[in-house]
Structure formats: structure tokens, C-alpha cells
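Structural description and commentary
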Amino acid sequence: MWKIILQRVAILVMMLFIVSVAAFCVPLLSDGDPARTILLSRVSDLDLAPEAVEALRRELGLDRPLPVQYLSWLGSALQGDFGYSFASRQPVAAEITRALGVSITLALSALGVALLVALPLGTAAAMRPGGKVDGFTTLLIQTLVATPEYWFAPVSVLVFVLWLGILPSAGWQSWESLILPAMALMLRPMAYFTQVTRAAMREVIAAPYITAARARGLSMNEAVVHHGLRNGSLPVVTFFALWFAGLLGGSVVIEVIFAVPGMGRLLYEAVVNNDVPVLQGGFVALVGLSILINTITDVLYVLFNPAMRGSHGH
Amino acid sequence: MMQRFLSVSTAFLLAAAPVLAQDGQLVLADNLALKANWAMSGDDAFIGAHAGCYEGLTRVSQDLKVEPSLATDWALVDPLTWEFKIREGVTFQDGNPLDAKAVSEALDHALKSEVPIRGFSPKQIASVEATGPMTVTIKTNTPLVTLPGSVANPGTAILSPAAYSKDGINPVGTCTGPFEIVEVDPQQYVKVKRFENYWGGKAKLAGGTIRFIPDANTRGTMARSGEAQISRLVPPAAVATLSSGGDLAVLEVNAPRVLELLLNNARAPFDNQKVRQAVRLAIDTAGISNAIFEGKSPPAGDPFRSDQPWEAPNAPVIERDLEKARALLNEAGVDPAALKIEILAYTGKTELRDVAQIIQAMLTEVGFTVNVRVAEYSSIEPDMLSGNYDMALLSRGYMTDVPEPVGYLTADYSCKGSYNISQYCNTEFDTMLAAAASEGDPTARYRAYGELAQYVYDNAVTVFLVNETVFDVASSGVTGFTPHPLNYYVFDTDLDVK
């Protein structure tokens, strides 16, 4: 297990370096003048006073050579200081921490509910292949996979906000405002989790240890619950981790539609506004978290699956 | 970090019910959001003004007249010196009295702003000084007849000395307006409550919330669901739905903004006036108004609306006439079939793509081969500013720093204009502009702006397509709200909700 962790830390350091350079280069891909783009994001005007652009360029240090800008950032970042946002002038670390808190809450809520539905549904479908539950599950999976979030979100607003009037349409001010964005985000992971659970449980049900358990007099349900679920849920753990890492920065559309101040919206606005410090800090945080989540998943895998413990020299 | 995350999550989960209308409270769904820690040089200052917190020395009325606010009177002492009399008996929300010293300190901060404030920057202003207990003298570098309008701009709001620190500006409890900012969440909202000692009399509303909602459709939904009593800038396509129920009033705002097709006047073939006139004749602006803007944004002849005092005296909307267009091209010796023209449009304004395609089809009818390129504004701007383009679509506001179009005419059409995308340069125009900009009598000055607009029209420098109309929505219980043409004020003393 320690070997896994050490390997992951090495990967983490390498990835963070690559990501920091890549994030630094993003604004260079645009033909625009970074100082003008940043100023355009602050005012509704297109006609910018040249002296204002120059003042901002000096203020943000954008008049220095690029390698100097990068090294200056790297030096501070290594000491835990990610600098200040070009746009909001707030410390980047505080902005990212706040946005991550929102995105983690949203992602865990969406994936948690998806898991709660998917595990029993996938298991039930696997236990009677071709049965009614299996047919319903297949139909549900296909429907959910084909349902785009940007379509479901306005429809859910129409039903729950405008027709029923029981939920708020936007914002992040109470637990009610979590429901609609979480619903929109949970659809596709729910479909995938159900599909994966169904496939995994079908293998488990056919495994010799289930036959052995049944031979000892256990019913199919008891055999599956006591001996099958743990093994059957392993692939779901991997999927959960992948979706979790993906949703942290990848729910831009939902965060914009529902005015959720999460990581997706923060990074999207940073890209549009050439807010390099936020981009750098944000990418570094997301990649770091992604590797951390995968490491934890690997460790969980080992804990869930005793067969793997030996292979890592436990 | 984990501790902070837990505190954010806990606070979120324990929070009360969603923000819904309470008695005497109003929710405004705003398209703006706090972006730069209350920097006075950008949109953040407009949020302070929307909140009814910020006030300047003057204010701009609904019919664009400059009126007294924190200054009761002003006069041009000599061509470079303005004197403002400060209103007696005003206190800041933190209890400090308003006097000439506080005003000069606030305006000094404005002048020292890291990013200069439009219309009030060191380039224009030489000094600000308290020359009496209630008298402030502002010296300018060149004659600046529009200064009283400049000090109505939210960026020149007067805040208490306590508002300014090395960390920036803090408007909480430091304004003079009818409402006091009491809570700020930069990502989500600003909450205000009535300032009981307001010099202009108590506001009717007890308070309210400005919520920052970036998506226009969501702002429309919030009006329909009753979560917001006023929603700013809802999509034109949603107007019919929003006005059908009877509970909401859709308010048309004649924005000081024109959608224009800029032509590169310095490059063939548009360096030839006849070709520019031919393009103008080939474009059906009324058709564009109907097809894209549902007829709500009227077709334009000149950049200015017909109800404004600086309208060009004789600039009717051009009727489409393909025969005349072809004849003009013939006279100019230009074979459109031999030319490949490109129209630039930017993604920030979604309808521009459709407008570009319509114009492409219209110009094809007179023989041009037209290509449309749509990209992020920041990536096409360098080509536009350097003159490396043929045609470009632009939605342009023409009253950005003062409540007059002088900044627009200067930046866009003078030889040294900072935003002269048309690459237009004419010494006669510049002489007329200099005379207009220094004319002390507002009526004569406005007339002079109209003549400048006429000049641009007569020379077919630009094809003006539509004068833009935008839409706000208010619930039927809201009284005392009329959208301000310059987007300055919302929470005002008369605003109320039942």
C-alpha cells in the first residue's frame, strides 16, 4: 500500500509541474492582449482607454518577460502562495477553497444519490436477467445516458420551480438550492453505476463461492448480500472516483444555469477573462485532487479485495 | 483547507429556506456580478449604484439631464476650472459628515485608481481641492465642458474616508445613498437595508437583495417564479412568454447602444465612398430588425435614437435598393464578383452570428462573395484595431463615460481615436468635433453632436443597423421602477413592492 502512495506522490509532483506550465501557456493560445482581455472582463465597455490597459499591464506584472512571470509564480506557489486573482484581486487560494467546497458538496450529493439508486437496481437486474426489473433497468440506463444535462436542467426548472413552485431556480443559499443541480448532474453517473453494478453482479452470481454459499444452504439473496456485494461493488468504487474527480471542475453548464459558485464556473470565467493565477491555482488543485482521489480509490480497492493485498507485498 | 471546506459545507446545509420575497424587501436579479473587489473603474461601481448606496456629485435623470446630487450647484469659473458647492446636512452612513474635504479625498482616490476611471482620470483632471468648507474646485488639463456629467458616473461616487484602505474599497456602511450595503457575498449577492438618515428622505422599501445571475434565461425564470421582483436584461426571445401571464411587466429600455457594421475605410474596396453607399443600399435594416430582434430594436439611420437631443438632423433609415447599389458599384469601377469580403463577428453576443449570415446573403445578391468569421471578441479585436479586416459587426454603447456621445465620437471617428476600427480620418470632422467638445452651451453642443453624426451618415463611414432595445422585467407589485437609460440606479427612494 505504501508503494502505491509513494508512486502516486511522485506522479502528483510531476503532473503538477506539467499542469502549471500548461495553465500558464493557455492565454498565449489566444491572439488577444491579456491586459485588454482582463480589463474587458471588468467593464461592460469595448472601447478601453489605452492608459487604463497600460496601467493594468504594469499593475499585474504582465510587462515582464514570460519566463520571469512563470518563475515568480512558481517561487510563490512552492511557498503556498498562489497569488491574487487578476479579476477579483482576492487571494487565489481562498477563491479555490470556497469554490471547491461548493463543488465537492454538489458532486458528492449527486453521486451519493446516484449510488443509492444504482446499487440495489443493478443488483436486482443482475439477479433475474431478462426479467421485468432487468428490462426496466436497461430502458432507464439508455434514457438517462441519452439525456443531456443542458436539456434536463431547464425542464426540471419548468416542473419544480414554475409549475410546482417548491424549489428555487438558482443560487447557493440553502439546501433546497442544491436539489435541482444535483438532480441534473446525477443522471448519467446513475446510469453508468447501474450498468456497471449489473455487469459486476452477474459475474459474482456465477462465481464458485456463491455456488458454494448456496450449497451451504443460503438463499440467493443471502448469498449475494453476504458474499457478493463487496466484490460486486469494486468496479463501482472506481467509477465513483472517476466521476467525482470529473464533476469537481466539469459541471460548468449546470453551475452557470443554476448560478452555483463552484469550480466549473470559476475556471470557465478564468479562461474567458485570462485570469492566469486562478487558472494555474485551479488546475493545480484539480489535478492534485484527482490524483489524491485515485490514490484513495486504489487503497480502498486493496481494502475491499483481500486478493490484492498479497500482490503489493502486504 | 479541510476546516474551511467543512465550515462552508456546514453553513450551507444549515442555511434557512431559499431567499423569497419578504414584506418591504425586493430581490433584483442582476446581470452584473462583483468582479474586482469594488474597484471604482469597472462594473463593480455600477453595483454600488444599483444598490442605492453610491452617490456622486451629480446624477443623470431619465431624460439624460445632469441634476444636483451631493453637489447642489456648479459653475465654470474659467475654461480649466470648475467649482462645485457641496450639499449641506448630508452624513455618510457611518455618521461622518459630508464636506468639501471628504469629497476631495474621495475624488483623489478616484484619480489614483490603479486603472483610471473613464471620464475622470489624471489625463483629464489636473487637481481636486477643497477650497472652502463646502466648496470643491476641480481643475482640468484641457477645457472639459462635460465634467458635471462625468461626476455622475458611479465610478466617481463619494464614500466616507473610512471606505478607503490599502486593501481596496469597502462600501459597507460608508455611502451616502438611500440604502446601506449590509452584507456582501462576492459570488452571489449584495444585501441592502434602508438608510434611515438619508438626506433625500426615507426610502419606501425596507431593504432588498441584489443577486448576481449570469444566465439571462435564469433571470427570466426568477421573475416568473417570483424569486426576483425585478430581473435585468432578460432575453428578447422570452419577452412574449414573460408578458403573457399578466403578473409581470416587461419594460423596454432604449439602450444608448447601436448595432453597426463597421467598414474598413482605409482599405479597398471600402476606401471608396460609393462602395460603402452601395453596401448600405444592399442591406435591409428593417428586415434585420424584424428577423432577429422581433421588431423591438428599430432600424437605424445614424447611431443615435430619434428621441435623443443629438440625433442627426437628416439621416433617414436607408431603404434597400439593389439597382442603385449595383449602379454605384459600377460608377466606382468595382466588380463585386472579383472581390472576397470577410465579415467578423464575435461570440459574446449570440445574435451577431445570425446578423452576419443575413448580411452575407444580402450582399451576395449584389454580387459580393462574403465569408463570415465568428470568434471570441478578444481574438478578433487585434485585427479590428490594426485595420486588418474588411467588415466587422459590433454592438456599441455610445455613452460610456459621460451622458453625452462625445467619448464615442472621439474614440470611434477621430483620426487619433483609441477605438477607430473604421480607420476613418478626416480633418474637417476632427475640427468639428473639437468645436463641439468645447461648446459650453449644452443645447448647442448636442446640436453639434447631431451634425457630427450627420457627417458620418453622409460619408457612409459605417452602416448602422439597429438602435438596440433591451428588456427588464418587474412583477406587477413593483412601483417606482423605471430602467435607467445608462443603467445607473435601481434601489431608489421611490422603489417599492407590494
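Residues numbered from 1 in each chain as written. Chains lettered and ligands numbered in written order. Predicted model: local features only at pLDDT ≥ 70, side-chain atom pairs only at ≥ 80, totals over all residues.

1. Examining the overall build of chain B
The secondary structure content of chain B amounts to 14 helices and 20 strands. In terms of overall dimensions, chain B is globule-like: its C-alpha atoms have a radius of gyration of 24 Å, near the 23 Å expected for 498 residues. Seen along its three principal axes, the alpha-carbon backbone of chain B occupies a region of about 75 × 55 × 45 Å. Evaluated residue by residue, chain B yields a buried proportion of 52% over its 498 residues. Of the contacts made within chain B by residues no fewer than 6 positions apart, 68% connect residues no fewer than 24 positions apart. (Helix = DSSP H or I, 4+ residues; strand = E, 2+ residues; numbered from the N terminus. Rg over C-alpha atoms; globule rule 2.2 N^0.38 Å. Buried ≥ 20, exposed ≤ 12 C-beta atoms within 10 Å, placed from the backbone. Contact = placed C-beta atoms within 7 Å.)

2. Brief notes about the overall build of chain A
Looking only at helices and strands, chain A has 15 helices and zero strands in total. By principal-axis analysis of the C-alpha atoms, chain A measures approximately 85 × 60 × 30 Å. Here chain A, with 314 residues, has 43% of them falling under the buried criterion. Counting only contacts in chain A whose residues sit at least 6 apart along the sequence, the fraction spanning at least 24 positions is 72%.

3. Considerations on the interface of chain B and chain A
Think of interface size as the accessible area that goes away when the parts come together; that is how it is often given. Of the residues lining the interface, 49 residues belong to chain B; the matching set on chain A comes to 50 residues. Taken together, the elements giving at least two residues each to the side of chain B that touches chain A come down to α1 (2-14), α5 (216-225), α11 (377-386) and β17 (391-397) of chain B. Of the residues forming the side of chain B that touches chain A, the biggest block, six residues, is contributed by α1 of chain B. The class makeup of the residues in the side of chain B that touches chain A is 21 nonpolar, 16 polar and twelve charged. (Nonpolar A, V, L, I, M, F, W, Y, C, P; charged D, E, K, R; others polar.)

4. Digging into the sheet that holds strand β4 (residues 71-78) of chain B
Residue and element names in this part refer to chain B. Spatially, four strands are ordered β4-β5-β7-β6 in an open sheet, and the strand pairing comes out antiparallel. A single partner strand is all that each edge strand has here, and the edge strands are β4 and β6 (125-132). Between one strand axis and the next, the sheet turns through 20 degrees on average, direction left out of account. Sheet topology places strand β5 (residues 81-86) next to strand β7 (residues 135-140); five bridges connect them, and they run antiparallel. Residue pairing for β7: Glu-83 is matched across the bridge by Thr-137. Along the sheet, helix α3 (residues 100-111) makes contact with β5, β6 and β7, crossing β6 at roughly 170 degrees. (Pairing = 2+ DSSP bridges. Axes fitted to C-alpha atoms, helices over the stretch in contact; angles between N-to-C directions.)

5. What about helix α3 (residues 50-59) of chain A?
Residue and element names in this part refer to chain A. Taken residue by residue, α3 has Ala-52, Ala-55 and Leu-56 as its buried positions. For α3, the angular spread of the buried residues around the axis is 95 degrees, confining them to a single face. Residues of α3 that are exposed and point more than 90 degrees away from the buried face comprise Pro-50 and Arg-58. In this structure, the buried residues of α3 make contact with α2 (34-42). At the exit of α3 stands Gly-61, carrying a positive phi of roughly 75 degrees. (Arc of directions from axis to C-beta.)

6. Considerations on the environment of Leu-98 of chain B
Residue and element names in this part refer to chain B. With respect to the helices and strands, the residue Leu-98 is situated in the loop between β5 and α3. Classification of Leu-98 by C-beta neighbours within 10 Å gives buried; the count is 22. A sequence separation of 164 residues divides Leu-98 from Leu-262, and the C-alpha atoms of the two residues are 47 Å apart.

7. Overview of the confidence of the model for chain A
In the predicted model, chain A carries a mean pLDDT of 83, and 93% of its residues have values of at least 70. When mean pLDDT is taken per element in chain A, helix α5 (residues 92-127) of chain A scores highest with 92 and helix α15 (residues 306-311) of chain A scores lowest with 56. (pLDDT = per-residue confidence, 0-100.)

8. Points about the packing of helix α8 (residues 176-205) of chain A against helix α10 (residues 220-232) of chain A
Residues and elements named next belong to chain A. Two numbers describe how α8 lies on α10: the axes approach to 9 Å, and their chain directions differ by 130 degrees. By the criterion of interaxial angle, the relationship of α8 to α10 is oblique. Considering the relative orientation of α8 and α10, their crossing is right-handed. Contact with α8, carried on its side by Thr-197, Ala-200, Met-201, Val-204 and Ile-205, involves Val-224, Gly-228, Asn-231 and Gly-232 of α10 and no other residues of that element. (Parallel < 35°, antiparallel > 145°, perpendicular 65-115°, else oblique. Left-handed = near helix turned anticlockwise from the far one by under 90°.)

9. Observations concerning helix α10 (residues 351-364) of chain B
Given 3.6 residues per turn, any residue in an α-helix points the same way as the ones three and four places further on. Residue and element names in this part refer to chain B. Over its 14 residues, α10 runs 20 Å from end to end, which matches the ideal 20 Å to within 8%, given 1.5 Å per residue. Among the residues of α10, those classed as buried are Leu-352, Val-355, Ala-356, Ile-359, Met-362 and Leu-363. One side of α10 holds all its buried residues, which, seen down the axis, span an arc of 125 degrees. (Expected span 1.5 Å × (residues − 1).)

10. Some points on the sheet that holds strand β16 (residues 369-375) of chain B
Residue and element names in this part refer to chain B. Spatial ordering of the open sheet is given by β10-β11-β12-β1-β13-β18-β14-β17-β15-β16, a layout of ten strands whose pairing is mixed. Each edge of the sheet is formed by a strand with only one pairing partner; in this case those strands are β10 (179-185) and β16. Taken together, the two bridges between strand β15 (residues 340-346) and β17 define a ladder with parallel strand orientation. Across the sheet, Ile-343 pairs through a bridge with Met-391, a residue of β17.

11. Some remarks on unusual backbone geometry
Residues and elements named next belong to chain B. Geometrically, the link from Ala-268 to Pro-269 is a cis peptide bond, its omega value of 5 degrees lying close to zero. Relative to the helices and strands, Pro-269 is located in the loop between β14 (248-263) and α7 (273-282). Backbone geometry places Trp-38, a non-glycine residue, at a positive phi of 65 degrees. Relative to the elements of secondary structure, Trp-38 occurs in the loop between β1 (25-30) and α2 (44-50). Phi is positive for Asn-487, which is not a glycine, with a value near 65 degrees. Judged by the 23 C-beta atoms lying within 10 Å of it, Asn-487 is buried.

12. What about the pairing of β4 of chain B?
Residues and elements named next belong to chain B. Relative to β5, β4 runs antiparallel, the two sharing six bridges. Within β5, the residue paired with Asp-73 across the bridge is Lys-85. Between the antiparallel neighbours β4 and β5 lie two residues.

13. Quick notes on the packing of α5 of chain A against helix α13 (residues 263-272) of chain A
Helix packing for two helices is described by the angle between their axes and how far apart those axes are. Residue and element names in this part refer to chain A. Running from N to C, α5 and α13 point in directions that differ by 135 degrees, and their axes come no closer than 8 Å. Between α5 and α13, the angle falls in the class oblique. Along its contact with α5, which presents Glu-95, Ala-99, Leu-100 and Ser-103, the element α13 presents Met-263, Gly-264 and Leu-266. In terms of residue class, the contact of α5 with α13 is made up of four nonpolar, two polar and one charged.

14. Quick notes on the confidence of the model for chain B
Residue and element names in this part refer to chain B. Residues at a pLDDT of 70 or more form 95% of chain B, whose mean pLDDT is 91. Element-level pLDDT for chain B is lowest in α1, with a mean of 38, against a maximum mean of 98 in β5. Contacts for the low-pLDDT stretch residues 1-21, under 50 throughout, to residues beyond four places or in other chains number 31 contacts. Confidence metrics for the complex model read pTM 0.82 and ipTM 0.74.

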